[in-house]
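Structural overview
Listed below are the residues making up each chain.
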Amino acid sequence: MKLTVWTYEGPPHVGAMRVATGMKGLHYVLHAPQGDTYADLLFTMIERRNHRPPVTYTTFQARDLGSDTADLFEVACRDAVERFNPEAIIVGASCTAELIQDDPGGIAERMGLDLPVVALELPSYQRKENFGVSETFLQLVRHLARPMERTARVSCNILGPTGLGFRHRDDVEELTGLLHEIGVDVNVIAPMGSSPTDLTRLGAAHFNVMLYPEAAEDACRWMERNLEQPYTRTVPIGVGATRDFIAEVGRLAGIANPRTDESRLRLPWWSASVDSTYLTGKRVFIFGDATHAIAAARIARDEMGFEVVGLGCYNREFARPIRAVAREMGLEALVTDDYLEVERAIEEASPEMILGTQMERHIGKRLGIPCAVISAPVHVQDFPARYSPQGGWEGANVIFDTWIHPLVMGLEEHLLAMFREDFEFHDEAGPSHHGGHAPRPMAPMEPANASHAPAAGEAAEPAATPTAAPAGGEVIWLADAEKELRKIPFFVRGKARRNTEKFAAEKGLSAISIETLYEAKAHYAR
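Treat the numbers as computed from the prediction; the structure is a model and nothing was measured.

What counts, and where the lines are drawn
Residues numbered from 1 in each chain as written. Predicted model: local features only at pLDDT ≥ 70, side-chain atom pairs only at ≥ 80, totals over all residues. Heavy atoms only, no water. Helix = DSSP H or I, 4+ residues; strand = E, 2+ residues; numbered from the N terminus. Buried < 20%, exposed > 50% of the residue type's maximum accessible area, 1.4 Å probe, protein only. Contact = heavy atoms within 4.5 Å. Areas by Shrake-Rupley, 256 points an atom, 1.4 Å probe, with all protein chains shown as cover. Pairing = 2+ DSSP bridges. Phe/Tyr/Trp six-rings, centres within 6.5 Å; stacked < 30°, edge-to-face > 60°. Lys NZ or Arg CZ within 6 Å of the ring centre and 35° of its normal. Core = buried A, V, L, I, M, F, W, Y, C linked by side-chain atoms within 4.5 Å. Domains from an automatic or database assignment. Lys, Arg positive; Asp, Glu negative; His and termini not counted. Salt bridge = Lys/Arg side-chain N within 4 Å of Asp/Glu carboxyl O. Expected span 1.5 Å × (residues − 1). pLDDT = per-residue confidence, 0-100. Axes fitted to C-alpha atoms, helices over the stretch in contact; angles between N-to-C directions. Parallel < 35°, antiparallel > 145°, perpendicular 65-115°, else oblique. Left-handed = near helix turned anticlockwise from the far one by under 90°. Nonpolar A, V, L, I, M, F, W, Y, C, P; charged D, E, K, R; others polar.

1. Considerations on the overall build of the chain
Of regular secondary structure, the chain possesses 19 helices and 14 strands. The 526 residues of the chain split such that 56% are buried. When contacts within the chain are restricted to residue pairs at least 6 apart in sequence, long-range pairs at least 24 apart make up 71% of them. A total of about 23,400 Å² of accessible surface is found on the chain, and carbon and sulfur atoms cover 53% of it.

Okay, structure coming up:
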């Protein structure tokens, strides 16, 4: 563990909470100190749930450490069963409680409770939230699912959606509709929306749909071995992936030529239309959980005409698939949970757009780069009241709208290029369709001997990292070079400035003229 102001994943007990919160009739008894109850806010404030997560905390305090904290857990466990009357409980410890080694699972087993008790072993100091989701769901399936007779009609289970998931609620609705169009019934949706009793019926399905590998792949593999249920490998996010998914479902269900109604699908035509030609070649940097990052990379390249200049994920368990896709695109994947490393990579790549998490949205604001959110972790605005899936045909439409909104497109882009010296249409004014980008006054031209610190009108330009300067003093920009630099599009101007300053420093120059700018351009072009 390390001290940080931002983390892509919480500790694994938060993952267990996501499973419990998405389900009905399941209660989580968590051995944890008083301060660890903060996790409730993730669901009530960020996800905007109208009820608390089904979690009982022992909430021991410092003064309790001198006595038997195991007794506190036993009392909390009995109280939870009597008060909430759940169908089953899961028990475990938070990262803090793990240090006192009270063994909640062993305590609960010795209590002889008259209901299923699933003990969770979640190593808080080695693993993280997505592992907690996957391991909790796996243990529930192992304890409750059994082989049984298949349903009369072809059916499947949809596995993977949880509480606090990115558009999971709407993805399930979209996918259920697609499967019904194909002729496949949905047996159980789990964990989200299911109960422990529902999990006992998992074995009745003919196959499983693995909607989110981070949450469901381990359970799907167990069910394939023990219940003889094959599972889908394609995640239906994007037009191509959805068509591949429908074909895969057809093979598993024994349905020849499965078809669905594509009349509401607009992404292919819209991305090929005249207005959307301005998308072609846009340079994008993609970072998030592996499932959504891989899907976004293929949509960006194959369906939107973008150029992917960076690709990565924060969950190391999926490093292999993200690296395979990156190699296919001629890139080196970035696999890290350090947001500062992600920021450095984005700044170096100088993309025109970022597709990422809530953290990349903040990075984009600092660097002046548009960003669309494609993956958890997200903030409250990415749990919309409206129907807004990522998967299936409507998900493709939502993705198109979400991705193009932050961009400067069409006639406005021409105006920014043609009237860059104009008080209203200069390129530092930002997109007019964003309320926070009202036209700002143009910054006056810097005098020849001024430093290159950004003026007030240059807030949209990524901050330049100072390079090593000659011993005689700081590298300065002459007026003609500064004017020429402003002709470079704003989304790559920061990189051009940094490269030119680096070139000048290497050559021992104390001032950058227009000739130096051209020489640096030729040098890096080679």
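2. Here we look at the sheet that holds strand 10 (residues 334–335)
Within the open sheet, the five strands sit side by side as 10-9-8-11-12. Their pairing is parallel. Of all strands in the sheet, those with a lone pairing partner are strand 10 and strand 12 (371–373), marking the two edges. By the bridge criterion, two bridges tie strand 9 (residues 307–313) to strand 10 in an arrangement that is parallel. Its bridge partner lying in strand 10, Gly-312 is registered against Leu-334.

3. Brief notes about the packing of aromatic side chains
For the structure on display, the rule yields four aromatic pairs. Ring geometry for Tyr-8 and Phe-287: centres 5.4 Å apart, planes at 55 degrees, overall tilted. Separated by 279 residues along the polypeptide, Tyr-8 in the segment before helix 1 (12–22) and Phe-287 in strand 8 (residues 283–288) bring together distant segments of the chain. Summarising the burial analysis for this pair, Tyr-8 and Phe-287 share the class buried. For the pair Phe-306 and Trp-403, a centre-to-centre distance of 6.4 Å together with 20 degrees between the ring planes defines the contact as stacked. With a gap of 97 residues between them, Phe-306 in the loop between helix 11 (290–303) and strand 9 and Trp-403 in helix 15 (residues 392–404) connect regions that are remote in the sequence. In this pair, the class of Phe-306 matches that of Trp-403, namely buried. Feature note: the residues Tyr-8, Phe-287 and Tyr-314 constitute an aromatic cluster, connected by ring pairs. Above the plane of the ring of Tyr-231 lies Arg-233, whose end atom (NZ or CZ) is 3.7 Å from the centre.

4. Focus on the nonpolar core
Ile-286, Met-304, Phe-306, Leu-311 and Trp-403 are the most contacted members of the largest nonpolar core, which totals 58 residues. Here this core spans two domains, since at least three of its residues come from each of domain 2 (145–259) and domain 3 (267–407). The residues touching Met-304, leaving out its near neighbours within four places in the chain, are Leu-267, Ser-271, Leu-279, Ile-299, Phe-400, Trp-403 and Ile-404.

5. Description of the side chain of Glu-303
Mapped onto the elements of the fold, Glu-303 is located in helix 11. Summary of buried charges: Glu-303 has no salt-bridge partner, and the nearest side chain of opposite charge, Arg-243, is 7.3 Å away. Not counting residues within four places of it along the chain, the set of residues in contact with Glu-303 comprises Gly-238, Val-239, Gly-240, Leu-267, Ser-271 and Arg-298.

6. A word on helix 9 (residues 239–253)
With 15 residues, helix 9 should reach 21 Å at 1.5 Å per residue; the first-to-last C-alpha distance of 21 Å fits that figure. The complete set of buried residues in helix 9 reads Val-239, Ala-241, Thr-242, Phe-245, Ile-246, Glu-248, Val-249, Gly-250 and Ala-253. Residues of helix 9 that are buried make contact with helix 6 (168–182), strand 7 (207–210), helix 10 (267–272), helix 11 and helix 15. Positioned one or two residues after helix 9, Gly-254 has a phi angle of 70 degrees, which is positive.

7. Considering the confidence of the model for the chain
Per-residue confidence for the chain gives a mean pLDDT of 85; residues scoring 70 or more make up 83%. The low-confidence segment residues 435–472 (pLDDT under 50) makes 74 contacts with residues lying over four places distant or belonging to another chain.

8. Some words on the packing of helix 6 against helix 9
Axes are the key here: two packed helices are described by the angle between their axes and the distance separating the axes. Contact pair helix 6 / helix 9: the axes reach a minimum separation of 11 Å and the direction vectors enclose 50 degrees. Here helix 6 is positioned oblique relative to helix 9, judged by the angle of their axes. Here the hand of the crossing between helix 6 and helix 9 comes out right-handed. Between helix 6, through Leu-175, Leu-178, Leu-179 and Ile-182, and helix 9, the contact on the second element is made entirely by Thr-242, Phe-245, Ile-246 and Val-249. Partitioned by chemical class, the residues of the contact of helix 6 with helix 9 number seven nonpolar, one polar and no charged.

9. Section: the packing of helix 9 against helix 15
Look at helix 9 against helix 15: their axes get within 9 Å of each other, and the N-to-C directions meet at 170 degrees. Our classification of the angle between helix 9 and helix 15 gives roughly antiparallel. Listed contacts from helix 15 to Val-239, Thr-242, Arg-243 and Ile-246 of helix 9 are Gly-392, Trp-393 and Ala-396. Classifying every residue of the contact of helix 9 with helix 15 gives four nonpolar, two polar and one charged.

10. Regarding the sheet that holds strand 1 (residues 26–31)
Read from one edge of the open sheet, four strands run 2-1-3-4, paired in parallel fashion. With one partner strand each, in any of the chains shown, strand 2 (55–57) and strand 4 (117–119) form the two edges of the open sheet. Adjacent strand axes in the sheet meet at a mean angle of 20 degrees, parallel and antiparallel pairs treated alike. Across six bridges, strand 1 lies against strand 3 (residues 88–93) in parallel orientation. Pairing of Leu-30 across the sheet is with Gly-92, part of strand 3.

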